[in-house]
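# Coordinate inspection notes
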Amino acid sequence: METARDGCCRGALFTRRRFVAASVLGLAGACASFLLPGCSTSKNIVVEEAESTPIDTKLTFFGFKYESINVAVIEDILRAYMDAHPNVSVSYEGIKSRPYYEALKKRLASGNGDDVFMVDHDTELLFEERGYLADLSDVRTIPLFSSLALSQMKAESSILYMPTSISAFGLYCNTDLLASHDVAVPRTIGAFESACETFLAAGLTPVVANNDISLKTLAIARGMAEVYAASDAERRIEALSDDPDALSAQLRPGLDLVERFVERGYVDAALALTTEKTADDLEQFATGRYPFMLTGAWASVRVHDMAPDLAYEVHPYPVLDGDPVLVVNVDTRVGVNANGTHVDAAKDFAAFFTEPSAIERFANSQCSFSPLEGNAAPDDEALKPLAGAFSSSVVIGSDDNVHLPVWGAARQGVVSLLEGSSAAVVQDQMRALLAEGAGEAR
């Protein structure tokens, strides 16, 4: 969701007294905070005249949102907060997601963690055990969240994060290319595979897939759909929650599906292994030579920019014989450092960041659903097919009620499938990864 091929990071410091904006080259994970030695800027630094209000609280905010379209909204929220709190400054630093998590773990382990930071499901499991996350149960905006968001936030005895979006994953369909081959947007797995065969026969690789989320969300959708659709879904999820054997077995049909896509050439496995999400994959799809792409809905705004004339729609995953399945994550989670020096101020900022005026604009800027009551859909027309499925056929990709690191394990499993491993071998690999992750969390 937050990668870029060049590996750049973006940092920004905003206060009422001073404004600095820069794009930082190199791996920011090695830097404890923005503008430390070793970081260099690719843009001029702009400094405004200092104001007279003294600053007595300086908060740092670390996240994996670094691209300008996301940072611009964060900048506006920070400015608004500091306008309302003239004695507080907030600095934001963002880098690409996978290096971000390594940097975040090192900062917190060293005792130099930021006041506010972004987490995901797998790191939350680890951080909860290590005591890094402050309890946010008393934050004033908690009652504003939707039942879906609260079902994740309240999975444990205390609330340890606040989501700022609900991301969705979808099948991007090049509608002109489908029409030219007399192929309808697929709604079932049979129709999807038939469409892929049609395009293969025409000499086209059917599906663009990246090396991270594309095929793992497809596998999770297929493997977990029956669980979430069951009348006793909560009981079934609880039964899988701490059982690596049961969870890996539940995901096996999804692994079989990915294995079939690889074997039949519906995806170019060698290319997918080197295709970075929200970067290389979008460039491939933007050429107009691919009928389908699997990735997050958040990428839609970038596709519009890269290929303004490309006609496409984003649909739920057609992985069953019946209705398609929408995979979502309650994410871009904001946590507060329990060991920081400004815990109360950091919680106040987190509350401001999750007020409707801020959070709904932030979620929409990412082409994501709002986590607040009503779950407002993004206004991108290409994403309208996802909105209809949101209230009916939803699978949560990384569910807080599952106490195993399924998100990371699924990615490693799919990489193995792309490298030629069988679904049976990968099921065993995932079982081991889930068990190992459970041990680390304890």
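Residues numbered from 1 in each chain as written. Predicted model: local features only at pLDDT ≥ 70, side-chain atom pairs only at ≥ 80, totals over all residues. Heavy atoms only, no water.

Moving on, we get to the overall build of the protein chain. Across its full length, the protein chain carries 18 helices and 12 strands. Counting every position in the protein chain, which comprises 442 residues, the buried fraction comes to 58%. Considering only contacts in the protein chain between residues 6 or more positions apart, those separated by 24 or more positions represent 75%. If you sum the accessible surface of the protein chain, you get close to 16800 Å²; carbon and sulfur atoms cover 48% of it. (Helix = DSSP H or I, 4+ residues; strand = E, 2+ residues; numbered from the N terminus. Buried < 20%, exposed > 50% of the residue type's maximum accessible area, 1.4 Å probe, protein only. Contact = heavy atoms within 4.5 Å. Areas by Shrake-Rupley, 256 points an atom, 1.4 Å probe, with all protein chains shown as cover.)

Of all five residues in strand β9 (residues 292–296), five are buried, a share of seventy percent or more. Relative to β9, strand β8 (residues 207–209) is paired through three bridges, and the arrangement is parallel. Directly across from V208, in β9, lies its bridge partner M293. (Pairing = 2+ DSSP bridges.)

Here we take up the packing of helix α7 (residues 214–229) against helix α17 (residues 406–418). Packing of α7 against α17 leaves a shortest axis separation of 8 Å and a crossing angle of 110°. The angle between α7 and α17 places the two elements in the roughly perpendicular class. Residues L215, K216, T217 and I220 of α7 touch α17, and the partners they reach there are W407, A410, R411, V414 and L418. The residue inventory of the contact of α7 with α17, partitioned by class, reads six nonpolar, one polar and two charged. (Axes fitted to C-alpha atoms, helices over the stretch in contact; angles between N-to-C directions. Parallel < 35°, antiparallel > 145°, perpendicular 65-115°, else oblique. Nonpolar A, V, L, I, M, F, W, Y, C, P; charged D, E, K, R; others polar.)

Bringing the packing of aromatic side chains into the picture now. This structure, assessed with the given rule, holds 23 aromatic pairs. A network of ring pairs unites the aromatic residues F61, Y81, Y92, F349, F352, F353 and F362 as a single cluster. The ring of F62 is capped by R107, whose NZ or CZ atom sits 3.7 Å from the centre of that ring. (Phe/Tyr/Trp six-rings, centres within 6.5 Å; stacked < 30°, edge-to-face > 60°. Lys NZ or Arg CZ within 6 Å of the ring centre and 35° of its normal.)

Backbone geometry at T278 places phi at a positive 55°, although glycine is not the residue there. A positive phi angle, close to 45°, is found at T332, a residue other than glycine. Position of T332 relative to the elements: it lies in strand β11 (residues 326–336). Given a relative accessible area of 1%, T332 falls into the buried group.

Within the element layout of this structure, M306 appears in helix α13 (residues 300–306). With relative accessibility at 39%, the residue M306 sits in the partly exposed group. The contacts of M306, once residues within four sequence positions are left out, are L282, E283 and A286.

Our next topic: the pattern of salt bridges. Summed over the entire model, instances satisfying the criterion amount to 21 salt bridges. In this structure, E355 engages R140 in a salt bridge whose closest nitrogen and oxygen atoms are separated by 2.9 Å. In this pair, E355 sits in the loop between α14 (343–353) and α15 (356–365) while R140 sits in the loop between α3 (121–130) and α4 (147–153), placing the two residues 215 residues apart along the sequence. Counted as one network, the salt bridges with shared partners bring together E75, D76, R79 and R361. (Salt bridge = Lys/Arg side-chain N within 4 Å of Asp/Glu carboxyl O.)

Contact geometry of α7 with helix α8 (residues 233–240) gives a least axis separation of 7 Å together with a crossing angle of 135°. By the angle class used here, α7 and α8 are oblique. Together, M224, E226, V227 and Y228 of α7 and A233, R236, I237 and L240 of α8 make up the contact between the two elements. When its residues are assigned to classes, the contact of α7 with α8 shows six nonpolar, no polar and two charged.

Right, let's get into α8. Helical geometry: 3.6 residues make up each α-helical turn, so side chains three or four residues apart lie on a common side. The complete set of buried residues in α8 reads A233, I237 and L240. Burial along α8 is one-sided: seen end-on, the buried residues are contained in an arc of 60°. Projecting away from the buried face of α8 at angles above 90 degrees are the exposed residues E234, R235 and E238. Where α8 is buried, its residues contact α7 and α9 (244–250). (Arc of directions from axis to C-beta.)

What follows concerns the pairing of strand β5 (residues 88–94). Extensive coverage of β5 is indicated by the burial of seven of its seven residues. A two-sided burial pattern is seen for β5, the buried positions comprising V88, V90, Y92 and G94 on one face and S89, S91 and E93 on the other. Crossover handedness for the path strand β4 (residues 57–63) to helix α1 (residues 68–84) to β5: right-handed. (Right-handed = clockwise from strand over helix to strand, strands pointing away.)

A few words on the environment of D245. Among the secondary structure elements, D245 is positioned in helix α9. For the pair D245 and L434, spaced 189 residues apart in the sequence, the C-alpha separation amounts to 8.6 Å.

Inspection of the secondary structure puts D399 in the loop between β12 (394–396) and α17. Buried charge without a salt bridge: D399, with R333 as the nearest opposite-charge side chain at an N-O distance of 7.1 Å. A polar contact of 2.7 Å, which involves the side chain of D399, links it to the side chain of Y228. Apart from residues lying up to four places away in sequence, D399 is in contact with H121, Q152, Y228 and I237. (Lys, Arg positive; Asp, Glu negative; His and termini not counted. Polar contact = N/O pair within 3.5 Å; in protein donor to acceptor, adjacent residues only side chain to side chain.)

A separate point is the confidence of the model for the protein chain. The predicted model of the protein chain has a mean per-residue pLDDT of 88, with 87% of residues at 70 or higher. Across residues 1–50, where pLDDT falls below 50, the model places 120 contacts with residues more than four positions away in sequence or in other chains. (pLDDT = per-residue confidence, 0-100.)

This part covers the side chain of D212. Within the secondary structure, D212 sits in the loop between β8 and α7. Reaching out from D212, the side chain makes a polar contact with the side chain of K216 at a distance of 3.5 Å. One polar contact links D212 to K277, side chain to side chain, over a distance of 3.2 Å. With sequence-adjacent residues up to four places away left out, D212 is seen in contact with R98, K277 and R411.

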